Amino acid sequence: HETALASPETVDLGGRCVLPAFTDAHVHFPTWSLNQRQVKLEGCASIAEALARIETAEKAPGRWLRGYGWRSGDWSPSVEPTKEALDEVTGETPAIFFSKDYHSAWLNSAALAAADGDLEVPGGVVERDERGEPTGVLREEAAWTFRERHVHTSQDEWVEATRLGVKLANARGVAAVHDKDGWLGAPGIFQRLHAEGNLSLRVWGSIPHELLDDAAALSLTGGLGDEFLRIGYLKCFMDGTLGSQTALLTDGTGVEITSREEVEEIVRRGAERGWPVAVHAIGDQANRNVLDALEASRDVWQPKGLRHRIEHAQCLTPEDVPRFAELGVACSVQFSHAPSDRDLAERFWPDRVDGAYRFRSLLDSGAVVANGSDAPVEELDPLAGIAAGVLRTIDERPAWHAEEAVTAEQALVATCVTPAWLSGDERKRGRLLPGMLADLVVLDRDPLAVEPEELRELQVVATMVGGRWVHNPPPWD
């Protein structure tokens, strides 16, 4: 550090605060970018409100009507979505709307017709009525497979949407993302942006574990790429989600997408080829199964120093909380999920809420905790996520399980510093030190000096990535 040469440029912050730029450690970036153009159903208090938004959306002949964000658990009166309700406002236009957690899809009759009855897939759920007919709701693998087979988005559409998404992320102080959209070809989308000079985010990308053999055939290992685009880890799913009631719980309920034995095999095969694994696990049984698999296979991966991670870790039994630190497995969590999910957790996990979203307990146990948004499930907004972690509320209600709130400093470390360690960049970025990459965010105030309630009011002034201003360069008023 002592030999690093200072830049000739001097910037007067005018009393503002500079921090290492934010990293979103869990985001479906192209999906979130594309969703900025789709019908948004977040915050709908009833199915009638959701249908009203859909009815006013622009519909074009021959094109799918798409949207996201509904959560039937929030609707009053309580009702589940159906194709008949959707048909009334969409007519013959094929329509698909993903739920807030992205694990359920609501389709109309025109959309279902595209599958010609072929809806069932392993690990999927097709909701059916008393006559055995599809209701219009598909969950887990059934929803994702339907989209992959029938709802097509051109590469040009993906690139155009992601180009705008990069600019929006930069405006929110984000310099790096850990992307989860490898299954839809995100590396190729980012590669096109990189080639045209429009990738002002550092991407730590994933590929589905099913593609491990293909990567091995090309002798590829985790970390392929350059400073802006690297493919670093394998992604797999253990279970579903809270909102879709498909999280795998110790009482035997939920959907098991990958078994304990299967994930152990994935970890072992990945380790042999130098790939760490990121495993989606929501329910307490799903998390236990992943931890058991990682413990059983640590003879293979620990000597190689692979940095495995469990994504979400939302519901944990008391005995499993300390196991993350003991095994050296990182928790890739989303601080915003706790206050956002509080009502659903109280409703669906009444006997488990004490073990849900235990961010402070994980930190106190010595676990490595990184923070992301899970966008588009929550909005890609690091400052909002930091405030949610500290306040444990996103509305006027008191903090939900305030004992699990994190400090502002812990939230900032989880958002600025720890993600750089997960991608093996701790000696390059994530701190304000001479010689490190100049990935910086300028805020209007110091988040460590304001009252906790003021965290919601913080504003991003400017963002720098690699020494280049990518949002609102100085001078500032």
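Above this text sits the structure in question.
The structure presented is a predicted model; accordingly, all values stated were derived computationally and were not measured.

Quick look at the sheet that holds strand β5 (residues 95-99)
(1) Moving on: Taken in spatial order, the 6 strands of this open sheet run β3-β4-β5-β6-β8-β7, and their pairing is mixed. Of all strands in the sheet, those bounded by a partner on one side alone are β3 (39-40) and β7 (124-128).
(2) Moving on: Here strand β4 (residues 65-70) runs beside β5; their pairing, made up of 5 bridges, is parallel. Counterpart to Gly67 in the pairing with β5 is Phe97.

Some remarks on the packing of helix α9 (residues 260-272) against helix α10 (residues 284-296)
(1) Moving on: For the pair α9 and α10, the least separation of the axes is 8 Å and the interaxial angle reads 45 degrees. The angle between α9 and α10 falls in the class oblique. Seen from above, α9 lies across α10 with right-handed handedness. When α9 is examined against α10, the residues Arg260, Val263, Glu264, Val267 and Arg268 are found in contact with a partner set consisting of Asn289, Asp292, Ala293, Leu294 and Ala296.

Digging into the packing of aromatic side chains
Any two aromatic rings considered together are summarised by their centre-to-centre distance and by the angle between their planes.
(1) Moving on: All told, the structure shown has 14 aromatic pairs when counted by the stated rule.
(2) Moving on: Geometrically, the ring pair formed by Trp70 and Trp75 is tilted, given 6.1 Å between the ring centres and 35 degrees between the ring planes. Exposure class is identical for Trp70 and Trp75. Each is buried.
(3) Moving on: The lysine or arginine in question, Arg202, covers the ring of Phe228, its NZ or CZ lying 4.6 Å from the ring centre.
(4) Moving on: Of note, Arg309 hangs over the ring of Tyr233, and the distance from its end group to the ring centre comes to 5.2 Å.

As for helix α6 (residues 155-171)
(1) Moving on: With 17 residues, α6 extends 25 Å from end C-alpha to end C-alpha; this agrees with the ideal 24 Å at 1.5 Å per step.
(2) Moving on: Trailing α6 by a residue or two, Gly173 shows a phi angle of about 85 degrees, which is positive.

Here we look at the packing of α6 against helix α7 (residues 186-195)
(1) Moving on: Direction vectors running N to C along α6 and α7 enclose 65 degrees, while the axes themselves pass 9 Å from each other. The angle between α6 and α7 places the two elements in the roughly perpendicular class. Seen along the crossing, α6 lies across α7 with a hand that is right-handed. Residue-level contacts link Gln155, Asp156, Trp158, Val159, Thr162, Arg163 and Val166 of α6 to Gly188, Ile189, Phe190, Arg192 and Leu193 of α7.
(2) Moving on: Across the contact of α6 with α7, the residue classes tally to 6 nonpolar, 3 polar and 3 charged.

Quick look at the environment of Lys304
(1) Moving on: Mapped onto the elements, Lys304 comes out in the loop between α11 (298-301) and β14 (309-312).
(2) Moving on: Those residues in contact with Lys304, other than ones at most four positions away along the chain, are Ala271 and Glu272.

Some details on the environment of Val390
(1) Moving on: On the secondary structure map, Val390 appears in helix α15 (residues 382-391).
(2) Moving on: The class for Val390 is buried, based on a relative accessible area of 14%.
(3) Moving on: Here the alpha-carbon distance between Val390 and Ala408, two residues 18 residues apart in the chain, equals 6.0 Å.

Notes on the pattern of salt bridges
(1) Moving on: Inspection of the entire model under this criterion finds 44 salt bridges.
(2) Moving on: For Asp251, the salt bridge identified is with Arg352, shortest N-O distance 3.8 Å. Residue Asp251 is located in the loop between β12 (229-237) and α9, and its partner Arg352 is located in the loop between α13 (337-348) and α14 (359-364); the two are separated by 101 residues in the primary sequence.
(3) Moving on: Overall, Asp251 belongs to the partly exposed group, its relative accessible area being 47%.
(4) Moving on: With its nearest N and O atoms 2.8 Å apart, the salt bridge here joins Arg352 to Asp284. Note that Arg352 is positioned in the loop between α13 and α14 and Asp284 in helix α10, a separation of 68 residues in sequence.
(5) Moving on: For Arg352, a relative accessible area of 12% gives the class buried.

Looking at α7
(1) Moving on: Taken together, the buried positions of α7 are occupied by Ala186, Ile189, Phe190 and Leu193. Projection of α7 onto a plane perpendicular to its axis shows the buried side chains occupying an angular sector of 95 degrees, all on one side. Seen from the open side of α7, the exposed residues pointing more than 90 degrees away from its buried face are Gln191 and Ala195.
(2) Moving on: In this structure, the buried residues of α7 make contact with α1 (29-35), α6, β9 (174-179), β10 (202-208) and β12.

Examining unusual backbone geometry
Excluding glycine, most residues fall at negative phi; most peptide bonds, likewise, are trans.
(1) Moving on: In the segment running from Ala375 into Pro376, the intervening peptide bond is cis, with an omega of 15 degrees.
(2) Moving on: Positionally, Pro376 belongs in the loop between β16 (369-371) and α15.
(3) Moving on: Following Pro474, the chain continues to Pro475 via a peptide bond in cis, the omega torsion being 10 degrees.
(4) Moving on: The backbone of His401 sits at a positive phi, close to 50 degrees, despite the residue not being glycine.
(5) Moving on: Inspection of the secondary structure assignment puts His401 in the loop between α15 and α16 (408-422).
(6) Moving on: With relative accessibility at 18%, the residue His401 sits in the buried group.

Scoring rules and cut-offs
- Residues numbered from 1 in each chain as written.
- Predicted model: local features only at pLDDT ≥ 70, side-chain atom pairs only at ≥ 80, totals over all residues.
- Heavy atoms only, no water.
- Pairing = 2+ DSSP bridges.
- Helix = DSSP H or I, 4+ residues; strand = E, 2+ residues; numbered from the N terminus.
- Axes fitted to C-alpha atoms, helices over the stretch in contact; angles between N-to-C directions.
- Parallel < 35°, antiparallel > 145°, perpendicular 65-115°, else oblique.
- Left-handed = near helix turned anticlockwise from the far one by under 90°.
- Contact = heavy atoms within 4.5 Å.
- Phe/Tyr/Trp six-rings, centres within 6.5 Å; stacked < 30°, edge-to-face > 60°.
- Buried < 20%, exposed > 50% of the residue type's maximum accessible area, 1.4 Å probe, protein only.
- Lys NZ or Arg CZ within 6 Å of the ring centre and 35° of its normal.
- Expected span 1.5 Å × (residues − 1).
- Nonpolar A, V, L, I, M, F, W, Y, C, P; charged D, E, K, R; others polar.
- Salt bridge = Lys/Arg side-chain N within 4 Å of Asp/Glu carboxyl O.
- Arc of directions from axis to C-beta.

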